[in-house]
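Residue-level structural notes
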Amino acid sequence: MSPQDYVQQKAAASGSSFYYAFLFLPPARRAAITAFYAFCREVDDVVDEVDDPGVAQNKLAWWRTEVAQAFSGQPSHPVMQALLPHAGAYGIEQRHLQAVIEGCQMDLEQTRYLDYAGLQRYCHLVAGIVGEVSAHIFGQTQAATTDYAHKLGLAFQLTNIIRDVGEDALRGRIYLPVNELQRFDVKAHEILKRQYSERFSALMRFQAERAHALYDEALALLPAADRRAQKPGLMMASIYRTLLREIERDDFRVLHQRIALTPLRKLWLAWKVQALGRL
């Protein structure tokens, strides 16, 4: 299997909303974002799929070395072999990839966040940086687009956190800030035991309102000159925000199930942004 085939298979197998936005890109940009997304999946899978923390630490350390060696001209992993040829053209730097690894490292060392400020730092590493790199690959021309990308990445990650509360609890992780759990009188053990309550629903409504506000703020930050180039990000915003509304309609029943959109609906939402320019 060639490196290009490997990253294509990795991206497609994830079923992510990101993949549907990639389909509308020109071949060179599509190849670059597919390779970058495959890298993100590889390091994220270390945290989610490796049960032994020591083994996971060693795997992330291996990835740090692999990224450094790749940027010195010696990539060994097919993901890095597929990604490196695009690094110069799209401004992908070693610091970007190391930041994503640092965010995954936080998952191994931290299962709670005391406040929203602490959670934001984590989100910046695992999603804001991803947004920044993606915006460059999509064709960013305005410096202000980076602020849009960071804000949109934060909105995506908060949506993921809302969707995955139950799944994360099974791994012993609660990303909802501790001081906000306390504010709504939701106990950690209630989430870990998948216990619903009016208090939990109120807490989740608060999280959803924050995410919606971030989507609005991100879209307001996107310069008009870059709106056409950033359509893939707008496609993802449409898909993720539709998912968030589905979760709201289901009264945040996320502790026992993973609410998702069908592949056909994701493709329809992406096409609507591409063809009609509507979120």
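Quick note: structure is the one above.
Residues numbered from 1 in each chain as written. Predicted model: local features only at pLDDT ≥ 70, side-chain atom pairs only at ≥ 80, totals over all residues. Heavy atoms only, no water.

Moving on: the overall build of the protein. Along the protein, the regular secondary structure elements total 14 helices and 0 strands. Traced from its N-terminal end to its C-terminal end, the protein shows the element sequence α-α-α-α-α-α-α-α-α-α-α-α-α-α. Taken against the 2.2 N^0.38 rule, which gives 19 Å for 279 residues, the C-alpha radius of gyration of the protein at 18 Å falls within 12% of a compact globule. Seen through its C-alpha atoms, the protein measures out along the principal axes to roughly 50 × 50 × 35 Å. The 279 residues of the protein split such that 52% are buried. Sequence separation of 24 or more characterises 71% of the internal contacts of the protein that already satisfy a separation of 6 or more. With an accessible surface of roughly 12,300 Å², the protein has 51% of that area assigned to carbon and sulfur atoms. (Helix = DSSP H or I, 4+ residues; strand = E, 2+ residues; numbered from the N terminus. Rg over C-alpha atoms; globule rule 2.2 N^0.38 Å. Buried < 20%, exposed > 50% of the residue type's maximum accessible area, 1.4 Å probe, protein only. Contact = heavy atoms within 4.5 Å. Areas by Shrake-Rupley, 256 points an atom, 1.4 Å probe, with all protein chains shown as cover.)

With that settled, the discussion passes to the packing of helix α13 (residues 231–249) against helix α14 (residues 263–276). In contact at an axis separation of 9 Å, α13 and α14 are set at 135° when each is read in the N-to-C sense. With respect to each other, α13 and α14 are oriented oblique. As for how α13 packs across α14, the hand of that crossing is right-handed. Along its contact with α13, which presents K231, L234, M235, S238, I239, T242, E246 and R249, the element α14 presents R265, K266, L269, A270, V273 and Q274. (Axes fitted to C-alpha atoms, helices over the stretch in contact; angles between N-to-C directions. Parallel < 35°, antiparallel > 145°, perpendicular 65-115°, else oblique. Left-handed = near helix turned anticlockwise from the far one by under 90°.)

For the rest of this paragraph, the subject is unusual backbone geometry. Phi is positive for D251, close to 55°, though the residue is something other than glycine. With respect to the secondary-structure elements, D251 resides in the loop between α13 and α14. For D251, a relative accessible area of 34% translates into the label partly exposed. One non-glycine residue, F252, adopts positive backbone phi at about 60°. Along the polypeptide, F252 turns up in the loop between α13 and α14.

So, on to helix α8 (residues 145–163). A rise of 1.5 Å per residue sets the reference length of α8, with its 19 residues, at 27 Å; its end C-alpha atoms lie 27 Å apart and thus fit the reference within 8%. For α8, the buried fraction is high: 16 of the 19 residues fall into the buried class. (Expected span 1.5 Å × (residues − 1).)

An α-helix turns once per 3.6 residues; consequently, residues spaced three or four apart project the same way. Look at helix α4 (residues 53–71): 27 Å from first C-alpha to last across 19 residues, which is about the 27 Å you get at 1.5 Å a residue. Listing the buried residues of α4 in full gives A56, L60, W63, E66, V67 and A70. Looking straight down α4, one finds that the buried residues subtend no more than 115° of arc, so they occupy a single side. Residues of α4 that are buried in the fold lie against α3 (27–49), α5 (78–90) and α6 (94–109). Here α4 starts with a cap whose side-chain oxygen sits 2.8 Å from the backbone nitrogen of G54, and that cap is D52. Backbone geometry just downstream of α4 places G73 in the positive-phi region, at approximately 100°. (Arc of directions from axis to C-beta. Polar contact = N/O pair within 3.5 Å; in protein donor to acceptor, adjacent residues only side chain to side chain.)

For the rest of this paragraph, the subject is the packing of α8 against α13. Axis angle and axis distance: for two packed helices, these are the angle between their axes and the distance between the axes, and together they describe the pair. Running from N to C, α8 and α13 point in directions that differ by 30°, and their axes come no closer than 10 Å. The orientation of α8 relative to α13 falls into the category roughly parallel. By crossing handedness, the relation of α8 to α13 is classed as left-handed. Counting all contacts with α8, which are made through Y148, L152, F156, T159, N160, I162 and R163, the residues of α13 involved are G233, L234, M236, A237, Y240, L243, L244 and I247. Counted by class, the contact of α8 with α13 contains 11 nonpolar, 3 polar and 1 charged residues. (Nonpolar A, V, L, I, M, F, W, Y, C, P; charged D, E, K, R; others polar.)

We now examine the environment of Q142. Inspection of the secondary structure assignment puts Q142 in the loop between α7 (116–138) and α8. Taking the relative accessible area as the measure of exposure, Q142 reaches 33% and is therefore partly exposed. Between the alpha carbons of Q142 and D226 there is a distance of 6.8 Å; along the sequence they are 84 residues apart. Look past the residues within four positions of Q142 in its chain and what remains in contact with it is P223, A225 and D226.

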